[in-house]
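# Summary of structural features
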Amino acid sequence: MHTHPRTRILGTGCYTPARVVSNSDLEAIVETSDEWIATRTGIRRRHFAADGETTSDMATAAARRALDAAGLNVADLDLIVVGTVTPDQPSPGAATLVQQKLGATDIPAFDISAACAGFVYGLTIADQFIGTGKARCVLVVGVELLSRAVNWNDRTTCVLFGDGAGAVVLGPSSMTRPSDRPDAPRPGILATQLFTDGSLAEALCIPAGGAARPATLEVLAAAENKVHMDGQDVFRTAVKQLAASSAQVMKAAGLVSRDIDWVVPHQANMRIITQVAQRLGYPLERFVLNLEEYGNTSSASIPIALDEAVRDGRIQPGQQVLMCALGAGISWGAAVVRF
Ligand code: UT7
């Protein structure tokens, strides 16, 4: 537990593409129904990137908004970390293109491949860099362009995902903001916990298109370069590990459920979120939810939801927010942050 948090969130931002695709729109593409998608997942719409729009474009837009919210400039950044499994191209990483588009120079910029847990991983990495003094201001982005990574012939996955980006700018907890409450304890990251269980790597993956099995014509024909998921395995693991890691991170921060003002969970399935809420004994009204509008945007889902809740005034200065996410890896994690 950091009695004096080392790192705080100075600003949040998000970008969601304008093109909205409803469940009924998907009925024209695969054998599905609005009713099935809504009742099995809670998703009603998702946003898809426009033709020509890229992962780094979305990430850059979210990053600019987070910098504006923080009252900082690109020149203030010391590090760019981008959580994504859908970078513009295999190499270099999306973070290098975000750096280019922001017009930042020389600062380190790298991607983390932790799928839906990418933002929580990024937050943890930023906390370490700032805590050791290696960096002062860090940009962390969660961004995915999953509409181009799913198999449009596989109804069990293609209806679930959406595109978008969310970003935060972090700095030392000694940095103040005009909205800070003078009487409140110092804002910041109170604890983080990360986990990976590689024995479940096959449960949710993009099986080919990498160095083991490059994108041959056969791979492309079988859509093996697209997202594959055993939904029920992932579902069970998600309920168990999201609840367990949330309980662990609260304990590490020295907090109990009633100390948490909001939970911002990864937005994959309303049934998962409901079961996690039950296990934690925490009311669903205190969860920030937006999967109805965006579907599962993987690493972008927490920072998009966070930004929406900060901007609409749900999350207030001084409040304590729990975030938890799980996805391909299987990788998961949780964080508690005081705003
Ligand atoms: O973000 C990373 C983490 N990912 C997750 O957390 C996802 C976790 N998994 C899930 O959210 C759920 O498992 C799914 C939403 C993916 C699937 O829900 P489910 O209740 O586990 O459904 P199921 O796979 O057991 O399928 C039930 C039925 C099957 O038909 P039969 O075999 O019972 O006749 C499927 O073929 O639903 C059928 N089905 C569909 N029907 C209409 C599967 N997808 C669709 C669809 N439209 N899109």
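Being a predicted model, the structure only gives us computed values, none of them experimental. (Residues numbered from 1 in each chain as written. Predicted model: local features only at pLDDT ≥ 70, side-chain atom pairs only at ≥ 80, totals over all residues. Heavy atoms only, no water.)

### Points about the layout of surface pockets
Here the largest pocket defines a volume of roughly 840 Å³. Along its surface, the largest pocket is lined by 32 residues, and V85, T86, P87, A149 and I206 are the ones closest to its centre. Each residue belonging to the lining of the largest pocket can be placed in one class, and the counts come to 18 nonpolar, 11 polar and 3 charged. No fewer than three residues from each of domain 1 (7-172) and domain 2 (188-338) sit in the lining of the largest pocket. (1 Å grid on protein atoms, 1.4 Å probe; cavity = no way out; pocket = protein on both sides within 12 Å on 5 of 7 lines; lining within 4 Å. Points joined across faces, edges and corners; volume = space filled by probe spheres on them. Nonpolar A, V, L, I, M, F, W, Y, C, P; charged D, E, K, R; others polar. Domains from an automatic or database assignment.)

### Overview of the site of the ligand
Neighbouring residues of the ligand: 24 residues in total, closest T32, R40, Q232, N269 and N296. Here an oxygen atom of the ligand sits 2.7 Å away from a polar atom, N or O, in the side chain of N269. For the ligand, whose unbound accessible area comes to 950 Å², protein coverage reaches 73%. According to the grid-proximity analysis, the pocket containing the ligand is the second largest pocket. Listed by contribution, the elements that provide at least two residues to the shell around the ligand are α2 (34-41), α6 (155-158), α8 (231-252), α9 (270-280) and β12 (320-327). Ranked by the residues each element gives to the shell around the ligand, the list is headed by α8, at 4 residues. Class assignment of the residues belonging to the shell around the ligand gives a composition of 11 nonpolar, 9 polar and 4 charged. Mapped onto the domain boundaries, the shell around the ligand takes at least three residues apiece from domain 1 (7-172) and domain 2 (188-338). (Near = heavy atom within 4 Å. Polar contact = N/O pair within 3.5 Å; in protein donor to acceptor, adjacent residues only side chain to side chain. Areas by Shrake-Rupley, 256 points an atom, 1.4 Å probe, with all protein chains shown as cover. Sits in = over half its atoms within 2 Å of the grid points. Helix = DSSP H or I, 4+ residues; strand = E, 2+ residues; numbered from the N terminus.)

### Some remarks on the domain arrangement of the protein
Per the domain assignment, the segments of the protein are domain 1 (7-172) and domain 2 (188-338). Overall, the association of domain 1 and domain 2 removes approximately 3,800 Å² of surface from exposure, summing both partners, and the carbon and sulfur fraction of that is 62%. Three residues stand out in domain 1 for area buried against domain 2, namely C116, V120 and Y121, and they jointly supply 16% of the buried area on that side. Counting the contacts that link domain 1 with domain 2 gives 2 salt bridges. Two residues, E293 and R45, come together in a salt bridge whose shortest N-O distance is 2.8 Å. The tally of links from domain 1 across to domain 2 stands at 24 residue pairs in polar contact (both at pLDDT 80 or more). Of all elements in the fold, only β1 (7-15), α2, β3 (45-48), α3 (55-70), α5 (118-131), β6 (138-145) and β7 (163-172) reach the threshold of two or more residues within the side of domain 1 that touches domain 2. Grouping the constituent residues of the side of domain 1 that touches domain 2 by class yields 22 nonpolar, 18 polar and 10 charged. (Buried area = accessible area lost by both parts, 1.4 Å probe. Salt bridge = Lys/Arg side-chain N within 4 Å of Asp/Glu carboxyl O.)

### Thoughts on the pattern of salt bridges
Enumeration according to the criterion identifies 10 salt bridges in this entry. We note a salt bridge from R45 to E292, for which the minimum N-O separation is 3.9 Å. With R45 in strand β3 and E292 in helix α10 (residues 291-294), the pair connects residues that are 247 residues apart, well separated along the chain. D312 serves as the salt-bridge partner of R314, at 2.8 Å between the closest nitrogen and oxygen. Here the salt bridges share partners, and the residues they tie into one network are R45, E292 and E293.

### Observations concerning the state of the cysteines
What we call a disulfide is simply a covalent bond connecting the sulfur atoms of a pair of cysteines. Under the criterion given, the structure shown has 0 disulfides. Of all cysteine sulfurs in the structure, the one in C116 sits closest to C14, which takes part in no disulfide; the separation is 17 Å. A residue is classified by how much of its surface remains accessible, and C14, at 10% relative accessible area, is buried. A disulfide-free cysteine, C158 has its sulfur positioned 16 Å from the sulfur of C116, the nearest such atom. (Disulfide = S-S within 2.5 Å. Buried < 20%, exposed > 50% of the residue type's maximum accessible area, 1.4 Å probe, protein only.)

### A look at the pairing of β1
The element β1 is largely enclosed, with a buried count of 9 among its 9 residues. Both β1 and β7 contribute to a ladder of 8 bridges, which runs antiparallel. Across the sheet, the residue bridging to T12 is V168, located in β7. (Pairing = 2+ DSSP bridges.)

### Regarding the environment of T32
In this structure, T32 sits in the loop between α1 (23-27) and α2. Here the alpha-carbon distance between T32 and R6, two residues 26 residues apart in the chain, equals 48 Å. Ignoring anything within four residues of it in the chain, the contact list for T32 reads L26, E27, I37 and V159. (Contact = heavy atoms within 4.5 Å.)

### Overview of the sheet that holds β6
Here we have 5 strands laid out as an open sheet, ordered β1-β7-β6-β4-β5, and mixed in their pairing. Pairing within the sheet leaves two strands with one partner each, and these edge strands are β1 and β5 (109-112). Strand after strand, the sheet turns through a mean of 20° between neighbouring axes, direction not considered. Two strands pair when backbone bridges link them, and strand β4 (residues 79-83) and β6 are joined in this way by 5 bridges, in the parallel orientation. The residue of β6 that forms the bridge with L79 is V138. α3 contacts β1, β6 and β7 of the sheet and is inclined by roughly 130° relative to β1. Against the sheet, helix α11 (residues 301-311) touches β1, β6 and β7, its axis set at about 100° to β1. (Axes fitted to C-alpha atoms, helices over the stretch in contact; angles between N-to-C directions.)

### A word on unusual backbone geometry
Between S91 and the following residue, P92, the backbone shows a cis peptide bond with an omega angle of -5°. Residue I330 is bonded to the preceding G329 through a cis peptide linkage, with omega at -15°. Located in the positive-phi region is A115, a residue other than glycine, with phi close to 50°. Examined against the element boundaries, A115 turns out to sit in the loop between β5 and α5. Residue A115 is classed as buried on the basis of its relative accessible area, which comes to 6%. Here the phi dihedral of S298 falls at roughly 50°; this positive angle occurs in a residue that is not glycine.

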